[in-house]
Amino acid sequence: MKKLRTALQRGCTSLTQWFDTDYGNDDLAAIRAKPDKVEFIRVLPFIFLHLGCLGIFLAGWSWTAVAFAVVLYLVRMFAITGFYHRYFSHKTFNTSRPAQFLFALLGATAVQRGPLWWSYQHRHHHKHSDEAEDAHSPHQHGFWWSHIGWITSARNFPTDYSQVRDLAKFPELVFLNRFDTLVPFLFAVALFTLGHFLGAFFPTLGVTSWQLLVWGFFISTTVLFHATSSINSLAHLLGKRRYETGDDSRNSFLLALITLGEGWHNNHHRHMSTVRQGFYWWEIDISYYCLKMLSWTGLIWNLKPVPLAAYETNHPLRARKNLSANHSSRA
Ligand SMILES: [Zn+2]
Ligand SMILES: [Zn+2]
């Protein structure tokens, strides 16, 4: 009996250690000093995620399953852009502690690790954009490294809590960050169960548990991952630059549509503390519109506006007018 208890305790401890992303990260400086290298063990989750998409050949499809994939893509993209990025990383608005936890929980379903890791990496990117230290600069390390490779390198795996002290003081956020596979796992199980329930009680929907798992989790999450990653890779390669920012961030209408506003990346690199990334009405920024609506409910407040300086020096229409004025005066 005693032996069984000890074995169970040992089993629980090693299981906890396996899922605890902070375990073994004590010597942070040594881990961060390691050279960049693709680690096969960290590539496995991505292979698993992509292979899961092939499940459509077994599970088939239905309009309900496709609708779930699209809606979950949009909701979780908003969770990443509105909460992981504009709230946790940049604090561009305020909210209450319970709402902050819910935002972190929703963000964690996107399978892009915990809110503190995400914020730490992102703040580091802003500090060293397109320099040698930037973990995902396409100019320093090439397109594929900036898109996916950097996440598989051991040196980018731990969270440096000293860089996110404002978030690390909340134990509930630290817990979500440490056990970052827990929420995605429960999310996948919930989808599978919901599919079973819908199939049994609403057969006209034509959906099954496997369909919801494949479409709602694997396909939706894979597309979400590549769309988010395109901001690290493509948004530093393609598009126009309005501001001189010392890096190669760019504005792209197409990327802004796909990522609900994050494509206005050059605007964001220049004025990162504003909640808005599209500075003009034609710069579609769906995350901002959603956050604005959320502020009407009182759930979030103190949305930081675009500073006037952003318009004074770089208004594209004014710039065009000045150009033509100079041209006509010369003529
Ligand atoms: Zn960037
Ligand atoms: Zn940012």
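Residues numbered from 1 in each chain as written. Chains lettered and ligands numbered in written order. Predicted model: local features only at pLDDT ≥ 70, side-chain atom pairs only at ≥ 80, totals over all residues.

1. Some points on the overall build of the chain
Test applied: Where helices and strands are cited, they refer to DSSP runs of H or I of at least four residues and of E of at least two residues respectively, numbered from the N terminus. With the radius of gyration taken over C-alpha atoms, the globule rule is written as 2.2 Å times the number of residues to the power 0.38. Exposure is read from a count of other C-beta atoms within 10 Å of each residue's own; the residue is exposed at 12 or fewer, buried at 20 or more and partly exposed in between. C-beta atoms are placed from the backbone. We call two residues in contact whenever the C-beta atoms placed from their backbones are within 7 Å.
On a plain count of helices and strands, the chain comes out with 18 helices and two strands. Relative to the 2.2 N^0.38 estimate, which gives 20 Å for 331 residues, the radius of gyration of the chain is 22 Å and therefore close to what a compact globule would have. Seen along its three principal axes, the alpha-carbon backbone of the chain occupies a region of about 95 × 55 × 40 Å. Within the chain, the proportion of its 331 residues that are buried is 37%. Long-range contacts, defined as pairs at least 24 residues apart, comprise 67% of the intrachain contacts of the chain with a sequence gap of at least 6.

2. A word on helix α13 (residues 209-232)
Which entries qualify depends on this criterion: For a helix, the expected span equals 1.5 Å multiplied by the number of residues minus one. Fitting axes to the seven residues ending at a residue and to the seven starting there, one defines the bend at that residue as the angle between these axes.
With 24 residues, α13 should cover 34 Å at 1.5 Å per step; its first-to-last C-alpha distance of 34 Å lies within 8% of that length. Taken as a whole, α13 carries its principal kink of about 25 degrees at S220. Within α13, 17 of the 24 residues are buried, which leaves it mostly tucked inside the rest of the structure.

3. Quick word on the nonpolar core
To keep it simple, the criterion reads: Note on definitions: a nonpolar core is a set of buried residues drawn from Ala, Val, Leu, Ile, Met, Phe, Trp, Tyr and Cys, linked by C-beta atoms within 7 Å.
Judged by nonpolar contacts, the single largest core of 41 residues is most densely connected at A69, L212 and W215. Of all the elements in the fold, those that place two or more residues in this core are α5 (63-89), α6 (97-108), α7 (115-127), α11 (171-178), α12 (182-201) and α13. The leading source of residues in this core is α5, at 13 residues. Once residues lying within four places of it in the same chain are set aside, the contact partners of W215 are W61, A65, V66, F68, A69 and S220. Grouped together as the second largest cluster of nonpolar side chains are seven residues, L234, A235, I258 and W264 included.

4. Describing unusual backbone geometry
Residues apart from glycine generally show negative phi values, whereas peptide bonds are mostly found in trans. A positive phi angle, close to 50 degrees, is found at K91, a residue other than glycine. On the secondary structure map, K91 appears in the loop between α5 and β1 (94-95).

5. Here we look at the confidence of the model for the chain
This is how the line gets drawn: The score called pLDDT rates the predictor's confidence residue by residue, from a low of 0 to a high of 100.
Across the chain, pLDDT averages 91, with 94% of residues at or above 70. Scored below 50 in pLDDT, residues 320-331 makes zero contacts in the model with residues more than four places away or belonging to other chains.

6. Let's talk about the environment of W18
Its location among the elements puts W18 in helix α1 (residues 2-19). Each C-alpha atom, one on W18 and one on F179, is 9.4 Å from the other, the two residues being 161 residues apart in sequence.

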